[in-house]
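# What the coordinates show
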Amino acid sequence: MKVLITDPVDQGCIDMLQKQGILVDMKTGLPADELKDIISDYSALIVRSGTKVTAEVIEAAAKLKVIGRAGTGVDNIDVDAATRRGIIVMNTPGGNTISAAEHTISMLLALSRNIPQATQSLKEGRWDRKIYMGVEVYGKTLGIIGLGRVGREVALRAGSFGMKLIGYDPFISDDAASKVGVKLVDLDEIFSESDYITLHTPLTSETKHLISEAQLERCKTGVRIINCARGGVVDEKALLKAIKSGRVAGAALDVYEDEPPSAGSMELLKHERVICTPHLGASTREAQVNVALQVAQQVADVLTGGAVRNAVNLPSIDPKVYQRIEPYLNLAEKMGSLQSQLGEGHLREVSIEYRGDVLNYPTSPITSSVLKGIFAGSSERTINLVNAPFLARERGVKVNEIKSSEHEDFSNLITVTYCTSKGKRIISGTIFGKNDPRIVRMDECHFDAYPEGDMLVCGNVDVPGVIGRIGTILGDENINIARMTWGREKSGGRAVTLLNVDSPIPDQVLEKIVAQKHILWAKRVRL
Ligand code: NAD
Ligand code: MLT
């Protein structure tokens, strides 16, 4: 297990990984080609925002299991490419929230009182008291776009200065906004009412150039813009134009469309009414220690088979919850695998129905486990909880999740219906006690089978002698039967027989079994 760190992170990160017996190489400032050349040696990669983890790098990363981002934004990582390869991408949300919020507030005040410009002027020997007349923030309207962790901390602090707070975030409730003193409004109102606009969204296709020429034209004359979120949310050319025209009184920027900023951005950065810092929002000792330790522990957990936390391409599972759902994850994967090994024809649709106690836990990872079991043998790629749902989408397989009520016979029950071009098969499974998995139904036949190891599954007619003949054939071939169970639709009707055997069943033995009278079909599976 080797971890590569390619951006500067606190030494605590390295120490924590090494303490857990993990080898660490720290190589910062690697050119893209060099990173591509060496990445195949590593199981994990840890970055901040400096390293561009492109699809090419990911393609070359044969052993990579996890990419850890010591920070929040993952826009420097091709998450889709990682997901396709089954690589977990995780960040460390929260570790730098306070630092980013405090930086935003510092920028808000510094912009209002021209602190950087006045400092520079005094250092150059001038005494310019008139030029640097400022404005109060008290009583002014602050429009906050993005009310996640940082946006809400900014709101709490700005509220204490007596600012009027309005906010826009389509993914947050009125309640959560009003708890931090923010009235939710639509974007138009943010633009028309705000004296200051501060941005706290990720960079997505929706937020790219959210502050554009058209939006700036709708703003109050004299508005001030603060961006400590992500470059690209603000159209830098449009901002420069609006500052020159006087529509925007000033801007405070910590993040840029290109980092470091390109020559084309320098006119904006050098403008006297723009203050700027080189992406320092999270650059405090406290934040860097927080994110370094957090990312080290999260990556070590993945490498040592523990819980996955803060994955951006996998539902995050609390470690305590993970312990409880682990038996369901294992059962679900075996059910998916059983379905795909028994299935014939082209897979079209998979439905997973949950009943009873299992509904106390998040079901989406369990659904992913079923899909992992189904697709495991279908690709050269490693299939895991991250890329299995992606693979289903990519292959046009419809996946339905159904949450039903209690079941009268089982305290928990998972039913997987597998529909192909040749028909459908229903399999149900349950966990007895804390961790005792069983398959309890196949179509209309009910039984109690152990889903483990080498198995023989037969469809037969319920007449005397069939099970005896299967036993004799296996015995003659020296294949020991560990367990046997069967169920039938009705007396004399169709039946299913399941056997656990101690060694794999060779082709000719299977053929012999299939040729027996009253055997409708037979398949060997390995779970
Ligand atoms: P978060 O995920 O907690 O919050 C982001 C919020 O943006 C969410 O509430 C989300 O609903 C909202 N959002 C998403 N799309 C939106 C849209 N189209 N319109 C309005 N709102 C939208 O993230 P966070 O931890 O608060 O971080 C916010 C941003 O700040 C991120 O881009 C992060 O990378 C950046 N950040 C920068 C620094 C820095 O050093 N400058 C430090 C920390 C975080
Ligand atoms: C983040 O997204 O966490 C910040 O931009 C800070 C950083 O890049 O370290």
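Given the structure is predicted, the values throughout are model-derived calculations rather than measurements.

## Let's talk about the site of ligand 2
With respect to spatial proximity, the complete set of residues near ligand 2 consists of Arg48, Ser49, Arg69, Ala70, Gly71, Thr72, Gly73, Asn96, Arg230, His279 and Ala282. Residue Arg69 places a side-chain N or O atom 3.0 Å away from an oxygen atom belonging to ligand 2. Here an oxygen atom of ligand 2 and a backbone polar atom of Gly73 are 2.8 Å apart. Here ligand 2 loses 91% of its free accessible area of 270 Å² to cover by the protein chains. Tallied by class, the residues present in the shell around ligand 2 amount to 2 nonpolar, 6 polar and 3 charged.

## A look at the packing of aromatic side chains
Tallying each qualifying case throughout the model produces 2 aromatic pairs. Measuring from ring centre to ring centre gives 6.2 Å for Tyr328 and Tyr361, while their planes differ by 40°; the resulting arrangement is tilted. Here the residue Tyr328 occupies a position in helix 14 (residues 319-342), and Tyr361 occupies one in the loop between strand 13 (347-356) and helix 15 (364-375), the gap between them amounting to 33 residues. Each member of the pair Tyr328 and Tyr361 is classed as buried. When the ring centre of Tyr42 is taken as reference, the NZ or CZ atom of Lys2 above it lies at 5.1 Å. Here Arg483 stacks its cationic end above the ring of Tyr450, 3.6 Å away from the centre of that ring.

## Re the packing of helix 5 (residues 97-113) against helix 7 (residues 149-160)
The description of two helices packed together rests on the angle between their axes and the distance between the axes. Following both chains from N to C, one finds helix 5 and helix 7 inclined at 50°, their axes separated by 9 Å at the closest point. Regarding the angle of helix 5 to helix 7, the classification is oblique. The two elements helix 5 and helix 7 cross, and the hand of that crossing is right-handed. For the pair helix 5 and helix 7, the contacting residues are Thr97, Ile98, Ala100, Ala101, Glu102, Thr104 and Ile105 in the first and Arg149, Val150, Glu153, Val154, Arg157 and Ala158 in the second. Partitioned by chemical class, the residues of the contact of helix 5 with helix 7 number 7 nonpolar, 2 polar and 4 charged.

## Details of the site of ligand 1
Neighbouring ligand 1 are 26 residues, the closest being Arg149, Val150, Asp169, Thr201 and Asp254. At a separation of 2.7 Å, an oxygen atom of ligand 1 approaches a polar side-chain atom of Asp169. One nitrogen or oxygen atom from the side chain of His279 is found 3.4 Å from an oxygen atom belonging to ligand 1. The fraction of the free accessible surface of ligand 1 (860 Å²) that becomes covered by protein chains is 88%. Of the residues in the shell around ligand 1, the class split is 11 nonpolar, 10 polar and 5 charged.

## So, the domain arrangement of the protein
Split by domain assignment, the protein resolves into domain 1 (2-93 + 286-303), domain 2 (97-276) and domain 3 (319-526). A separation of 31 Å is found between the C-alpha centroids of domain 1 and domain 2. For the pairing of domain 1 and domain 2, the buried interface totals around 430 Å² over both sides, and the portion due to carbon and sulfur atoms is 42%. Of all residues in domain 1, the largest losses of buried area upon contact with domain 2 belong to Asp75, Pro93 and Ala287, amounting jointly to 68% of the total for that side. Applying the counting criterion to the domain 1 and domain 2 interface returns 1 salt bridge. Salt-bridge contacts for Arg230 lead to Asp75; the nearest nitrogen and oxygen are separated by 2.9 Å. Seen at the junction of domain 1 and domain 2, the total is 1 residue pair in polar contact (both at pLDDT 80 or more). Grouping the amino acids of the side of domain 1 that touches domain 2 by side-chain chemistry returns 2 nonpolar, 2 polar and 2 charged.

So, how was this worked out
Residues numbered from 1 in each chain as written. Chains lettered and ligands numbered in written order. Predicted model: local features only at pLDDT ≥ 70, side-chain atom pairs only at ≥ 80, totals over all residues. Heavy atoms only, no water. Near = heavy atom within 4 Å. Polar contact = N/O pair within 3.5 Å; in protein donor to acceptor, adjacent residues only side chain to side chain. Areas by Shrake-Rupley, 256 points an atom, 1.4 Å probe, with all protein chains shown as cover. Nonpolar A, V, L, I, M, F, W, Y, C, P; charged D, E, K, R; others polar. Phe/Tyr/Trp six-rings, centres within 6.5 Å; stacked < 30°, edge-to-face > 60°. Helix = DSSP H or I, 4+ residues; strand = E, 2+ residues; numbered from the N terminus. Buried < 20%, exposed > 50% of the residue type's maximum accessible area, 1.4 Å probe, protein only. Lys NZ or Arg CZ within 6 Å of the ring centre and 35° of its normal. Axes fitted to C-alpha atoms, helices over the stretch in contact; angles between N-to-C directions. Parallel < 35°, antiparallel > 145°, perpendicular 65-115°, else oblique. Left-handed = near helix turned anticlockwise from the far one by under 90°. Contact = heavy atoms within 4.5 Å. Domains from an automatic or database assignment. Buried area = accessible area lost by both parts, 1.4 Å probe. Salt bridge = Lys/Arg side-chain N within 4 Å of Asp/Glu carboxyl O.

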